[in-house]
Amino acid sequence: MNVFKQLGKYCLLLYQAVRSSTEFKTYKNNLINELVKIGYESIPIIMLTGIFTGAVMTIQTTYQLEASFIPKSTIGSIVSESLLIELAAVISSLVLAGKVGARISTELGTMRVSEQIDALESMGFNSVSFLVVPRVLAGLLMFPILYIVASVFGIGGGIVAGVLSGSLPAAEFMKGAREFFYPWDVLFGLIKAFVFGYIITSVASFKGYYATGGAEGVGTSTTQATVLSCIFVLLADFLLAVILL
Amino acid sequence: MIEIQNLKKSFGDNLVWSDVTFDIQDGETLAIIGRSGCGKSVLLKHLNALLYPDEGEVIIDGKNIFKLDYVELRKVRQRFGVLFQGSALFDSISTFENVAFPLRYFTDQAEDEIRKNVNEALEMVNLEGVGDKATAELSGGMRKRVGLARATVIKPDYLMYDEPTSGLDPQTSDEINDLIIDMAANLDITSIVITHDMHSVLRIAERVAFLDHQELCWYGTLDEMCESTYDPLVKFIKASEYQIKKNAKENI
């Protein structure tokens, strides 16, 4: 019963967010702040995530494809395909669920329990437009960009790992990557990143916006936001694969 | 005038209060008193529709605010200033920006005018020169005063105070009480004060509403309250007097 109640509240919050998304003047400044926080400030961690994911993928794929009759370029195609279709979007999103989702939930939760959201409402502000809309919009806009960053640095990491470990030269890696490159894979990754961005920012906003019960309540809402975001990202990943591939 | 008619509120199965009916006259200072947890703050949040009741009406200038659409409701809310219990200052911006916040979003004032109005508001609460400070650097009393400056900077018709003196030492409490009196006199504002501090009530209130046992069980002028023989009210006042004496003893 509680699940349905929560789902109803979540849908209501989203409805309010969509309805108030026309109040651009209210959330313009916050949107710029969020674009910086979600996008620009996440680039270092996303670069690192991409580099190590690509590097580990290359070394492990090399280990698994021992047979001499398999061309070395296959490693490049497997690594780049895996990154573009799956890993760059999913692993980055799981990292961002912790970084971005936890921050959003804690910020809004603290504002809720310290009555700052009530203060906004009492001044005549639409608090959903002021707080929720810019966060979700920034997530929708920045996650696809972060996916591209993760993909580029993932492939770069894969090339460097291949060269440094002596398992395959950069040219072989790129040959394989080019051979099996389909533009649809990138589009599929972008769609995933867009959906994951929506899930993480909307779930975190929902949990924070309705936080109750002081510091402990904020902690609980942050934990729930992070865990639920991760679960929904994995679930959405599966559904998108079933529907779009 | 604000007319509160037959309000009833519950959270789930817990009834907060029912059949709450009283008026708030323009220009007066009304204190809503009662024990902790009796629903005073909940009642306050109904006056500008931050919360909606299960039943009943709050009528401001002939309009039931619970039936207004969002645009109209926002206009009504802008007629209220609210000083929250914990001040509810935005900690991501400076003290100056906190006070300037409603002016930036709800008026077309130029930067110079905003600066002038904010400085005046800070001056009115005796906080000149703290504009550049982060809100985290302010003491509890200063935070309350900044909250008051923010609440009054847009010149509201009604000013609501939620436990304005809670958590403050007696001297700072007195300063806040003085400010409440000054605000009411200088800005011609209707004040609604939620408190369980009888010392404050005796200083600032013209009328008193007493919440107890899930209802508004007493309502009258300050003089009537002082002469009342209504048992729960007398007990509440005596308990508060005992608390005032105890606090005074502890402060010696």
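What counts and what doesn't
- Residues numbered from 1 in each chain as written.
- Chains lettered and ligands numbered in written order.
- Predicted model: local features only at pLDDT ≥ 70, side-chain atom pairs only at ≥ 80, totals over all residues.
- Helix = DSSP H or I, 4+ residues; strand = E, 2+ residues; numbered from the N terminus.
- Pairing = 2+ DSSP bridges.
- Axes fitted to C-alpha atoms, helices over the stretch in contact; angles between N-to-C directions.
- Buried ≥ 20, exposed ≤ 12 C-beta atoms within 10 Å, placed from the backbone.
- Contact = placed C-beta atoms within 7 Å.
- Core = buried A, V, L, I, M, F, W, Y, C linked by C-beta atoms within 7 Å.

(A) The arrangement of unusual backbone geometry in detail. Residues and elements named next belong to chain B. With a phi close to 50°, lysine 155 is a non-glycine residue in the positive phi region. Note that lysine 155 resides in the loop between helix H5 (140-152) and strand S7 (158-162). Positive phi outside glycine occurs at aspartate 188, with the angle close to 55°. Within the fold, aspartate 188 resides in the loop between helix H6 (170-187) and strand S8 (190-195).

(B) Local environment of the sheet that holds strand S3 (residues 29-34) of chain B. All names here are of chain B. Here we have 6 strands laid out as an open sheet, ordered S6-S7-S8-S3-S9-S10, and mixed in their pairing. Of all strands in the sheet, those bounded by a partner on one side alone are strand S6 (80-83) and strand S10 (215-221). For this sheet, the mean inter-axis angle between neighbouring strands, taken without regard to orientation, is 15°. When S3 meets strand S9 (residues 207-212), the two strands line up parallel, connected through 5 bridges. Paired with alanine 31 across the bridge in S9 is valine 208.

(C) Structural view of the environment of A:Leu146. Residues and elements named next belong to chain A. Mapped onto the fold, leucine 146 is located in helix H6 (residues 127-165). For leucine 146, a count of 29 C-beta atoms within 10 Å corresponds to the buried category. Along the chain, leucine 146 and alanine 211 lie 65 residues apart, while their C-alpha atoms are 29 Å from each other. Not counting residues up to four positions away in its chain, the partners in contact with leucine 146 are Gly39, Ser42, Ile46, Ser92 and Ala193.

(D) Geometry of the nonpolar core. A:Ile200, B:Ala31, B:Ile32, B:Val99 and B:Ala149 are the most contacted members of the largest nonpolar core, which totals 122 residues. Excluding residues within four positions of it along the chain, B:Val99 makes contact with B:Val118, B:Ala121, B:Leu122, B:Val146, B:Ala149, B:Arg150 and B:Val153.

(E) Layout of the interface of chain B and chain A. Of the residues lining the interface, 13 residues belong to chain B; the matching set on chain A comes to 9 residues. For the side of chain B that touches chain A, the elements supplying multiple residues, two or more each, are helix H2 (70-77), S6 and helix H3 (95-106) of chain B.

(F) Region of the structure containing the environment of A:Leu87. Residues and elements named next belong to chain A. On the secondary structure map, leucine 87 appears in helix H4 (residues 73-113). When the 22 C-beta atoms within 10 Å are taken as the criterion, leucine 87 is described as buried. Put simply, leucine 87 and leucine 228 are 141 residues apart on the chain and 19 Å apart in space, counted from C-alpha to C-alpha.

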